[in-house]
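Architecture and fold: a report
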Amino acid sequence: MKEKHLIALDLDGTLLSDQRQILAPTKETIQHLIEAGHVVVIATGRSNKLSIHYYHELGLKTPLINSNGAVIHHPHDKSWGVHHTPLERKLALDIIDANKQLQGKNVLAAVQDTVYLDRYDEHIFDFYQPKKDDSFHVGPVTDLLKDDPTLMLLYPNKDNLQRLTSYLNDIHADIIDHRNWGEPTNVIEVMNNKVNKATAIQQVAKEFGIPKERIIAFGDETNDLAMIDYAGVGVAMGNAVDELKTVAKHVTDTNENNGIGQFLADYFQLKIASLQK
């Protein structure tokens with residue numbers, strides 16, 4: 001067996017198919033590597049509530065990286081603690097006000113698993129509230145938000161998108177990171193610039209004594225850039241954005257064609273029957 005590796009998996013567009021499922025051949029490959037002693041972690045932009053199902057499906061016993069690295073915790077080991085690096089509430093309120101002044105359509109603020117949405121939107125509600133509970137609140141976020149938010153999503157007025165982006169760049173560039181999800185929504189994700197998926201996997205790898213060159217990371221979007229660039233073996237999915245493919249050391253097949261399973265089987269020289277063509 002190769003020495004112990006840390007394998008970091010993004011979810012949407014990477015581990016998950018377009019139907020938000022883990023394909024059986026990829027699951028079989030990952031579980032084979034877990035049994036062999038390798039460390040597998042999920043590193044996702046999703047919150048704990050929206051990712052814990054997949055964590056349990058894979059049978060993981062490792063830390064879980066949520067909200068692009070702003071939250072790291074261990075579902076099976078409470079002594080590990082919760083590492084939470086949010087935005088300051090005052091800063092968040094300033095950004096919300098700027099979005100409002102520029103006729104922004106909506107804003108979402110998340111405090112770990114608790115979500116505050118300024119105006120009801122069925123599509124947003126259905127994604128963040130797959131199981132009905134009391135963690136989703138609709139109403140003026142400036143009134144409801146009492147704690148430092150883990151991250152925010154701004155839904156801008158398209159005509160004022162550049163002005164809002166310039167505001168974030170010019171006024172808050174030293175304390176926040178932001179990225180545009182692109183057309184058609186142009187949602188802007190905002191979080192503390194002290195953390196990202198790379199800082200998170202670095203912390204987890206240190207806990208397990210795994211050096212950078214034995215970190216394998218998979219991703220497909222711009223929020224994976226830092227992680228893929230940092231990892232000794234950074235892998236972009238075949239369906240990844242071009243910017244990520246440029247940074248990655250390897251490009252595998254798509255999320256719809258077991259890209260993760262195929263790469264890991266080749267890398268670790270495994271014979272997974274369900275992957276054989």
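Everything below is about the structure printed above this text.
Before going into details, it helps to say that this report is about the structure given with it. Please read all numbers here as calculations on a predicted model, not as lab measurements.

On to the nonpolar core. Counting residues in each nonpolar core, the largest one holds 28 residues, and the members touching the most others are Ile7, Leu9, Leu15, Ile216, Phe218 and Leu264. For this core, the secondary structure elements donating two or more residues are strand E1 (6-9), helix H1 (11-15), helix H2 (24-35), strand E2 (39-42), helix H3 (52-57), strand E12 (215-219), strand E13 (233-236) and helix H11 (259-267). It is H11 that provides the largest number of residues to this core, a total of four residues. Excluding residues within four positions of it along the chain, Ile7 makes contact with Leu33, His38, Val39, Val40, Val41, Ile216, Phe218, Leu264 and Phe268. Counting 25 residues, the second largest nonpolar core, distinct from the first, contains Val204, Ile210, Tyr230 and Ala248.

Taken in spatial order, the three strands make up an open sheet running E3-E4-E5, and their pairing is antiparallel. The sheet is open, and its two borders are formed by strand E3 (64-66) and strand E5 (83-84), each paired with just one other strand. Both strand E4 (residues 71-73) and E5 contribute to a ladder of two bridges, which runs antiparallel. Along E5, the bridge assignment pairs Val71 with His84.

Backbone geometry at Asn68 places phi at a positive 60°, although glycine is not the residue there. With respect to the helices, strands and loops of the structure, Asn68 is situated in the loop between E3 and E4. Exposure remark for Asn68: the relative accessible area of 3% places this residue in the buried category. Backbone geometry places Asn258, a non-glycine residue, at a positive phi of 55°. Here Asn258 shows up in the loop between strand E14 (250-251) and H11. On the basis of relative accessibility, which here comes to 12%, the residue Asn258 falls in the buried class.

Turning to the pattern of salt bridges, a few remarks are in order. Taken as a whole and judged by the stated rule, the model has eight salt bridges. Where Lys90 meets Asp94, a salt bridge forms, and the shortest distance between an N and an O atom there is 3.5 Å. Of this pair, Lys90 and Asp94 are both found in helix H4 (residues 89-101), four residues apart, which corresponds to roughly one turn of the helix. With relative accessibility at 33%, the residue Asp94 sits in the partly exposed group. Linking Lys197 and Asp224 is a salt bridge whose minimum nitrogen-to-oxygen distance equals 2.6 Å. A residue pair is termed long-range when its members are at least 10 positions apart, and Lys197 in helix H8 (residues 197-208) and Asp224 in the loop between E12 and helix H9 (225-230) qualify at 27 residues. Three or more residues joined by partner-sharing salt bridges are found here, namely Asp10, Lys197 and Asp224.

Of the pairings in the sheet, the one linking strand E6 (residues 106-111) to strand E7 (residues 114-117) comprises four bridges and is antiparallel in character. When the sheet's bridge partners are listed, Ala110 is paired in E7 with Val115. Connecting E6 to the antiparallel partner E7 that follows it, the hairpin turn spans two residues, and Gln112 within it adopts a positive phi of roughly 55°. Two strands pair when backbone bridges link them, and E7 and strand E8 (residues 136-138) are joined in this way by three bridges, in the parallel orientation. Paired with Tyr116 across the strands is His137, a residue of E8.

Conventions and cut-offs
- Residues numbered from 1 in each chain as written.
- Predicted model: local features only at pLDDT ≥ 70, side-chain atom pairs only at ≥ 80, totals over all residues.
- Heavy atoms only, no water.
- Core = buried A, V, L, I, M, F, W, Y, C linked by side-chain atoms within 4.5 Å.
- Buried < 20%, exposed > 50% of the residue type's maximum accessible area, 1.4 Å probe, protein only.
- Helix = DSSP H or I, 4+ residues; strand = E, 2+ residues; numbered from the N terminus.
- Contact = heavy atoms within 4.5 Å.
- Pairing = 2+ DSSP bridges.
- Salt bridge = Lys/Arg side-chain N within 4 Å of Asp/Glu carboxyl O.

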